Amino acid sequence: DSGVTQTPKHLITATGQRVTLRCSPRSGDLSVYWYQQSLDQGLQFLIQYYNGEERAKGNILERFSAQQFPDLHSELNLSSLELGDSALYFCASAGPTASSEQYFGPGTRLTVT
Amino acid sequence: EDQVTQSPEALRLQEGESSSLNCSYTVSGLRGLFWYRQDPGKGPEFLFTLYSAGEEKEKERLKATLTKKESFLHITAPKPEDSATYLCAVPTNTGNQFYFGTGTSLTVIP
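Residues numbered from 1 in each chain as written. Chains lettered and ligands numbered in written order. Predicted model: local features only at pLDDT ≥ 70, side-chain atom pairs only at ≥ 80, totals over all residues. Heavy atoms only, no water.

Draft legend 1. Summary view of the layout of surface pockets. Put simply, the second largest pocket is a space of about 340 Å³. Lining the second largest pocket are 17 residues; nearest its centre among them are Asp1, Ser2 and Phe104 of chain A together with Gly43 and Glu45 of chain B. Its residues assigned to classes, the lining of the second largest pocket comprises seven nonpolar, five polar and five charged. (1 Å grid on protein atoms, 1.4 Å probe; cavity = no way out; pocket = protein on both sides within 12 Å on 5 of 7 lines; lining within 4 Å. Points joined across faces, edges and corners; volume = space filled by probe spheres on them. Nonpolar A, V, L, I, M, F, W, Y, C, P; charged D, E, K, R; others polar.)

Here it is, written out as structure tokens:
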């Protein structure tokens, strides 16, 4: 158990809909990273937050947005969903230094039908 | 451009047959190289961090080593439960993003 929690575990929704994925980091970690992993694809970095502020952006679509709240949990919002958005979405939390190891949550499996 | 490349893409071993996985990187100013294990449908599990050339770390049947251009994950006498995808990652110069390799899918046959 990494100490990172994600909800829900599974999500099935239709094209055009909007969903919210939630992540709680390990106790004491200020950084949260979001990744997308499609079938047979590698981990694609989406976005990073540090103590409530956006720190880095990767290949995140404009239809996707995220935020980190004062209690450090983070939410990833996916809107106008398309079939191609079906994937595993992971969040990871990390310690205070820029190159601290990341600890991953169990993921949310999103299926868009 | 900073890159992380892993080889081979897939590896099948008989139980007890030792081998090595490779991770080569081109990022300048290495700020650590990270190894993860990922089981199907699960989140990556942190294994090791290596910071400088010549460094080695061990955990059970796994040993990670680091040179100036690549890292190796040596698996000694693997067991079927070692079957997983092994990922390596390096942080960018700013440390705000990790580059992950596409992984090596290891299958250990009893």
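Draft legend 2. Inspection of the environment of Leu47 of chain B at higher detail. By secondary structure assignment, the location of Leu47 of chain B is in strand β5 (residues 45-50). In contact with Leu47 of chain B, not counting residues within four places along its chain, are Trp35, Tyr36, Arg37, Lys59, Leu62 and Tyr86 of chain B. (Helix = DSSP H or I, 4+ residues; strand = E, 2+ residues; numbered from the N terminus. Contact = heavy atoms within 4.5 Å.)

Draft legend 3. Structural context of the packing of aromatic side chains. For the structure on display, the rule yields 14 aromatic pairs over all chains. Measuring from centroid to centroid gives 4.9 Å for Phe34 of chain B and Phe98 of chain B, while their planes differ by 40 degrees, and the two rings are tilted. Note that Phe34 of chain B is positioned in strand β4 (residues 33-38) and Phe98 of chain B in strand β10 (residues 98-100), a separation of 64 residues in sequence. Assigned by exposure class, Phe34 of chain B and Phe98 of chain B land together as buried. Three or more aromatic residues joined by ring pairs make a cluster, and in this case those are Tyr33, Tyr35, Phe45, Phe90, Tyr103 and Phe104 of chain A together with Phe34, Tyr36, Phe46, Phe98 and Phe100 of chain B. The ring of Tyr103 of chain A carries Arg26 of chain A above its face, with NZ or CZ at 3.9 Å from the centroid. (Phe/Tyr/Trp six-rings, centres within 6.5 Å; stacked < 30°, edge-to-face > 60°. Buried < 20%, exposed > 50% of the residue type's maximum accessible area, 1.4 Å probe, protein only. Lys NZ or Arg CZ within 6 Å of the ring centre and 35° of its normal.)

Draft legend 4. Layout of the nonpolar core. Counting 39 residues, the largest nonpolar core has Trp34, Tyr35, Leu76, Leu78 and Tyr89 of chain A together with Phe100 of chain B as the members making the most contacts within it. Ranked by the residues each element gives to this core, the list is headed by strand β9 (residues 87-94) of chain A, at seven residues. Beyond its immediate sequence surroundings of up to four residues, Phe100 of chain B is in contact with Tyr35, Leu43 and Phe104 of chain A together with Val4, Tyr36, Leu87, Cys88 and Ala89 of chain B. (Core = buried A, V, L, I, M, F, W, Y, C linked by side-chain atoms within 4.5 Å.)

Draft legend 5. Representation of the state of the cysteines in the model. Tallying each qualifying case throughout the model produces two disulfides over all chains. Put simply, Cys23 of chain A and Cys91 of chain A are joined by a disulfide, and their sulfur atoms are 1.9 Å apart. Across the S-S bond of Cys23 of chain A and Cys91 of chain A the torsion is about 70 degrees, and the bridge reads as right-handed. Of the two residues, Cys23 of chain A sits in strand β3 (residues 19-24) while Cys91 of chain A sits in strand β9, which places them 68 residues apart along the sequence. In this structure Cys23 of chain A comes out as buried when scored by relative accessible area, which is 0%. Paired through a disulfide, Cys23 of chain B and Cys88 of chain B show a sulfur-sulfur distance of 2.0 Å. Linking Cys23 of chain B and Cys88 of chain B, the disulfide has an S-S dihedral of approximately 80 degrees and is accordingly described as right-handed. Taken together, the residues Cys23 of chain B in strand β3 (residues 19-25) and Cys88 of chain B in strand β9 (residues 84-91) connect sequence positions 65 residues apart. The exposure class of Cys23 of chain B is buried, given its relative accessible area of 0%. (Disulfide = S-S within 2.5 Å.)

Draft legend 6. A look at the side chain of Gln48 of chain A. Take Gln48 of chain A: it is sitting in strand β5 (residues 44-50). Looking at Gln48 of chain A, the relative accessible area reads 1%, which means it is buried. A distance of 3.3 Å separates a polar atom in the side chain of Gln48 of chain A from a polar atom in the side chain of Ser31 of chain A. Other than its neighbours up to four places away in sequence, Gln48 of chain A contacts Ser31, Val32, Tyr33, Glu53, Glu54, Arg55 and Ala56 of chain A together with Asn96 of chain B. (Polar contact = N/O pair within 3.5 Å; in protein donor to acceptor, adjacent residues only side chain to side chain.)

Draft legend 7. Layout of the pattern of salt bridges. Here the structure, examined in full by the defined rule, presents seven salt bridges over all chains. A salt bridge links Asp29 of chain A to Arg26 of chain A, with the shortest nitrogen-to-oxygen separation between them at 2.8 Å. Look at Arg26 of chain A and you get partly exposed, because its relative accessible area is 25%. Arg61 of chain B serves as the salt-bridge partner of Asp82 of chain B, at 2.8 Å between the closest nitrogen and oxygen. Here Asp82 of chain B is found in the loop between β8 (70-75) and β9, whereas its partner Arg61 of chain B is found in the loop between β6 (56-59) and β7 (62-66), with 21 residues between them in sequence. Each member of the pair, Asp82 of chain B together with Arg61 of chain B, is buried. Within the structure, one salt-bridge network assembled from shared partners comprises Arg63, Glu82 and Asp85 of chain A. (Salt bridge = Lys/Arg side-chain N within 4 Å of Asp/Glu carboxyl O.)

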